[in-house]
Amino acid sequence: LAEVAVVREEAGKHRRYIPRNLAGPLLVSPMAFWMLAFFLVPLIMIVLYSFGTQSVYQTNVSLGFDTEWYSRIFSEAANRKAFLLTAEMVVLNTVGCLIVGYPLAYFISVKSGRRKTLFVLLVMLPFWTSFLIRTYAWISILGNGGILEGWLNALGLHSGDLDVMYTQKAVYIGLIYDYLPFMVLPLFVGIEKIHKSLYEASKDLGAGKWTTLMKVTVPLSLPGIFAGCMLTAVPTTGEFVIPAILGGGKVVVWGWLIYEEFTSGRNWPMGSALSNVLLLVMLGIIVLYIKAVGTEEF
Amino acid sequence: MSDEAVALTPGMPANRGKAHLSLWDRIMRHSDIGIATWAILVYVFFYLPIVVLVIFSFNKQTLNLRWEGFTFDWYIAKPFSRPDQKVIGVIHDTELITAFITSLEIAIISTLVSVAIGVLGSFALVRFEFRTKTVWDGLNYTKIIIAEIVAGVSTLLFFTTLNNWLDQNVGFDFFNIFQPGFWTVVIAHIAWNIPFVVVIIRARLLGFDRSIEEAGADLGANPVSVFFRITLPVIFPGILAASLLAFTLSFDDFVTTFFVIGQNYNTLPVKIWSMVRMGITPEINAISTFMMAFSMTIIIFLELKARVSEVL
C-alpha cells in the first residue's frame, strides 16, 4: 500500500502545472488585490485625511499631522450629545434584540426537521429585502392617524394621537426590527449546538425550567450570545438611515453627522475624523469580543 | 442507594421533586406555551410591516396612513389619462425605470465578478497553506461586520482622490471610471460582495469529500477536467446561492451606493431614499413592492430549481 501511495504521489507531481506553494497565493491574488485596493487602502486613506488640513476648495487637502478636527469634534456640545445618543442606541438595540430574539432562537432550536428549516428561513427572508424599504414600511403603521393608532383606539387602549413616529421610540422599533436577524441567527447556532440530552439530564436531576435555562442553556449558548451581540452592536454604531427615516431629523446620531459632512456640509476632513472615531469604537467592540470568545468562533 | 435507583427508573412519578422548585421554576413550568406565543408574535412583527407596505401600494389615499379604497393607479396609471389624474404609475415613471435598469446592470456585473473572485479566493483559503491567509480572512470578516457608512465614505474619498490624481498626473484618464458614477458603484459592490461569497463557498468546500477528486485523478483525469467535471458540479449549488446573495446585496444596497454614485446616476434604493425624504406616498409602496416581488421571484425560482436554501 505504501508503494501505491508513493507511485500516486509521483504521478501527482507530474500532473501539476503550477508549483504547489505558488497556487494558493496565485488563487487568492484577485481577492487580495480587490480587498486591499478598495477596502483597506481607503480606510488607511481616511485616517490620513482626517489629520490633514483643508483648503477652501474641498478636494485639495494637504496631508500633515493636525489634530484640529478631532479637538473640534468633541468641543461642540451637539456632537457630544450625538455621541452619547449613539452609545445609548447601540446598547439598547443590542439588549433589545437579545431579549426579543433569545426566546425565538430557543423556540427554533428545539424544533426538528423541516419545521426547523422553515422557521430559520422565515427569519432570513427579510434579509432578502432592502432594509430601506423595511424601515419605510413602519411609517404607515406608527404615524399619527396610522394603523397602530387605529387598532389601539379600537381596543380602547389609547385615545388621540399616538405620537410615536418621529421620536426615539420609533427609531428603536425600527432598529430592533432591522437588526433582529443579525441577533437571532448566531443565537440559534449557539443554542442548537447544545446537546438535547443535557436538558433531559438537568430535568432528571430535579431542575425546573428556570434553573435549566440559567444553568445549562444560557451558559452553554454564551458564544452565540457574544457573536449575536457583536454582529448587532458593531453595525448599529454607524446607523443613520433608520434615525433619519423614523426619527425625522430630530434624532441626530453619529452616522448622521458623517452623512452631513460628506453631503451638504462638504467638509471631508471633518467627516473623516468623525468616521475614524466610529472606526475606533467598532474596533474596540471587536477587541472586546475576541477577548471574550477568542478568534476561533469568529 | 435506593433513592438513586428510583431516580434512574424511567417510570418515576412525574411530579417527583417538584415540591423543591423555586418560585421562578414554578412560574416557568408552562413556559413552552409562552415561548411559542412569543415566537409567533415576533414572526408577526417581522412580516406585518411588509404586508402593510404591499397592501398600501393599492391605496387611494395619497397620505398613505388609512385605507381609503383599492386602486391600481400607483402601478399602471398613465400620466394625464383622465381629467382628475394626478398620479403617475411606476411603470410610466421614466426616472424609476432608468434607476431600475441601472440597479440591474450594477447587480449583474458585480455578481459575476465577485463570484468569480470569491470562488478562487475560497479555494486558496480552504485548500492551500500560505503565510498571508489570516490577513485575507481578517479583511473579509472586518468588511462584513463593519458599519457600512465607514466603508462608503472612505471609498468615496479614495475614488475622488484617485480620480483627481489621475487627471493631474496621468494624461490618460482611464475612461473616468474612478469618477463617482456607475463604475465606482460596481467596484465598491464587488468589494462588498466578495466576503459574503467566500463565506458560502468556503462552507461548501469544507464539506467536500476530496476522495472523489482523487478517484477522478486516479482514473486518469487531468487537473483541469477534475475541476470542471467533479469539483465544479459539486460546489455548483454553493455558487448559485452565493450569486443569489451577491445579487440581492448589490441590488438592495443603499449606503455604499449613495456615497459613491455621484450626481448622474440613480439606483432604485437611492431613488427611493430621495423619494422618502420628500414625503411618503403610495408610489413608494408600489415601487418597493415591485422591488420585493422582483427579488422574491428570483429566490423562489432558484429555490425550486436548485434548492439553494439547503446551501445557505
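Residues numbered from 1 in each chain as written. Chains lettered and ligands numbered in written order. Predicted model: local features only at pLDDT ≥ 70, side-chain atom pairs only at ≥ 80, totals over all residues. Heavy atoms only, no water.

1. Quick word on the environment of Leu206(B)
Residue and element names in this part refer to chain B. Mapped onto the elements of the fold, Leu206 is located in helix H8 (residues 182-206). Residue Leu206 is classed as exposed on the basis of its relative accessible area, which comes to 61%. Between the C-alpha atom of Leu206 and that of Ile230, which follows or precedes it by 24 residues, the distance is 15 Å. (Helix = DSSP H or I, 4+ residues; strand = E, 2+ residues; numbered from the N terminus. Buried < 20%, exposed > 50% of the residue type's maximum accessible area, 1.4 Å probe, protein only.)

2. Digging into the interface of chain B and chain A
Counting residues at the interface gives 93 residues for chain B and 97 residues for chain A. Of all residues in chain B, the largest losses of buried area upon contact with chain A belong to Phe46(B), Ile145(B) and Leu157(B), amounting jointly to 9% of the total for that side. Inspection of the chain B/chain A interface yields one salt bridge. Lys209(A) is the salt-bridge partner of Asp32(B), the closest N and O atoms lying 3.5 Å from each other. Inspection of the region where chain B meets chain A yields 12 residue pairs in polar contact (both at pLDDT 80 or more). No other element matches helix H3 (residues 31-56) of chain B, which puts 17 residues into the side of chain B that touches chain A. By residue class, the composition of the side of chain B that touches chain A is 66 nonpolar, 17 polar and 10 charged. (Contact = heavy atoms within 4.5 Å. Buried area = accessible area lost by both parts, 1.4 Å probe. Salt bridge = Lys/Arg side-chain N within 4 Å of Asp/Glu carboxyl O. Polar contact = N/O pair within 3.5 Å; in protein donor to acceptor, adjacent residues only side chain to side chain. Nonpolar A, V, L, I, M, F, W, Y, C, P; charged D, E, K, R; others polar.)

3. Observations regarding the environment of Met270(A)
Residue and element names in this part refer to chain A. Among the structural elements, Met270 can be located in helix H15 (residues 268-293). Met270 gets classed as buried once you look at its relative accessible area, which sits at 5%. Placed 106 residues apart in sequence, Met270 and Val164 show a C-alpha to C-alpha distance of 33 Å. Setting aside residues up to four positions removed in sequence, Met270 forms contacts with Trp69, Ile73, Asn79 and Glu261.

4. Looking at the pattern of salt bridges
Tallying each qualifying case throughout the model produces nine salt bridges over all chains. Salt-bridge contacts for Lys116(A) lead to Glu192(A); the nearest nitrogen and oxygen are separated by 2.6 Å. Pair noted here: Lys116(A) is in helix H5 (residues 113-124) and Glu192(A) is in helix H9 (residues 168-192), with a separation of 76 residues, a long-range link. The class for Lys116(A) is buried, based on a relative accessible area of 17%. Its relative accessible area of 29% is what places Glu192(A) among the partly exposed residues. Connected through salt bridges with shared partners, the residues Arg127(B), Arg210(B) and Glu213(B) form a single ionic network.

5. Describing the environment of Ser272(A)
Tracing the chain through its elements places Ser272(A) in helix H15. Judged by relative accessible area, Ser272(A) falls into the buried class, the value being 0%. Considering only alpha carbons, one finds Ser272(A) and Tyr49(A), 223 residues apart in sequence, at a separation of 6.7 Å. When sequence neighbours within four positions are dropped, the list of residues in contact with Ser272(A) reads Ile46(A), Tyr49(A), Ser50(A), Phe262(A) and Leu157(B).

6. Brief notes about the confidence of the model for chain B
Residues and elements named next belong to chain B. Looking at chain B, the pLDDT average stands at 85 and 88% of residues meet or exceed 70. Confidence, expressed as mean pLDDT per element, reaches its minimum in chain B at helix H1 (residues 2-8) with 44 and its maximum at helix H11 (residues 255-260) with 96. Counting contacts from residues 1-13, a segment whose pLDDT is below 50, to residues more than four positions away or on other chains yields four contacts. For this predicted complex, the interface confidence comes out at an ipTM of 0.87, alongside a pTM of 0.87. (pLDDT = per-residue confidence, 0-100.)

7. Side note on the packing of aromatic side chains
Each aromatic ring pair is characterised by the separation of its centres together with the angle its planes make. Under the counting rule described, the total for this entry stands at 49 aromatic pairs over all chains. Between Phe262(A) and Trp268(A), the ring centres sit 5.5 Å apart and the planes meet at 40°, which makes this aromatic pair tilted. Neither residue differs from the other here; Phe262(A) and Trp268(A) are each classed as buried. The interplanar angle of 40° and the centroid separation of 4.9 Å between the aromatic rings of Phe254(B) and Trp273(B) together place this pair among those described as tilted. In this pair, Phe254(B) is assigned in the loop between helix H10 (223-252) and H11 and Trp273(B) in helix H12 (residues 268-278), connecting sequence segments 19 residues apart. When sorted by exposure, Phe254(B) lands in the same class as Trp273(B), which is buried. Among the aromatic residues, ring-to-ring pairing joins Phe240(A), Trp256(A), Tyr259(A), Phe254(B), Phe258(B), Phe259(B) and Trp273(B) into one connected group. The ring centre of Phe208(B) lies 5.0 Å from the NZ or CZ of Arg127(B), which sits over that ring. (Phe/Tyr/Trp six-rings, centres within 6.5 Å; stacked < 30°, edge-to-face > 60°. Lys NZ or Arg CZ within 6 Å of the ring centre and 35° of its normal.)

8. Concerning the packing of helix H9 (residues 211-218) of chain B against H10(B)
Angle between the axes and distance between the axes: these two values describe a pair of packed helices. Residue and element names in this part refer to chain B. Packing of H9 against H10 leaves a shortest axis separation of 10 Å and a crossing angle of 160°. Classified by the interaxial angle, the pair formed by H9 and H10 is roughly antiparallel. H9 and H10 meet at a crossing whose hand is right-handed. Taking contact as the criterion, the partners of Ile212, Glu213, Gly216 and Ala217 in H9 are, on H10, Val226, Ile230, Thr231 and Val234. Class assignment for the residues of the contact of H9 with H10 results in five nonpolar, two polar and one charged. (Axes fitted to C-alpha atoms, helices over the stretch in contact; angles between N-to-C directions. Parallel < 35°, antiparallel > 145°, perpendicular 65-115°, else oblique. Left-handed = near helix turned anticlockwise from the far one by under 90°.)

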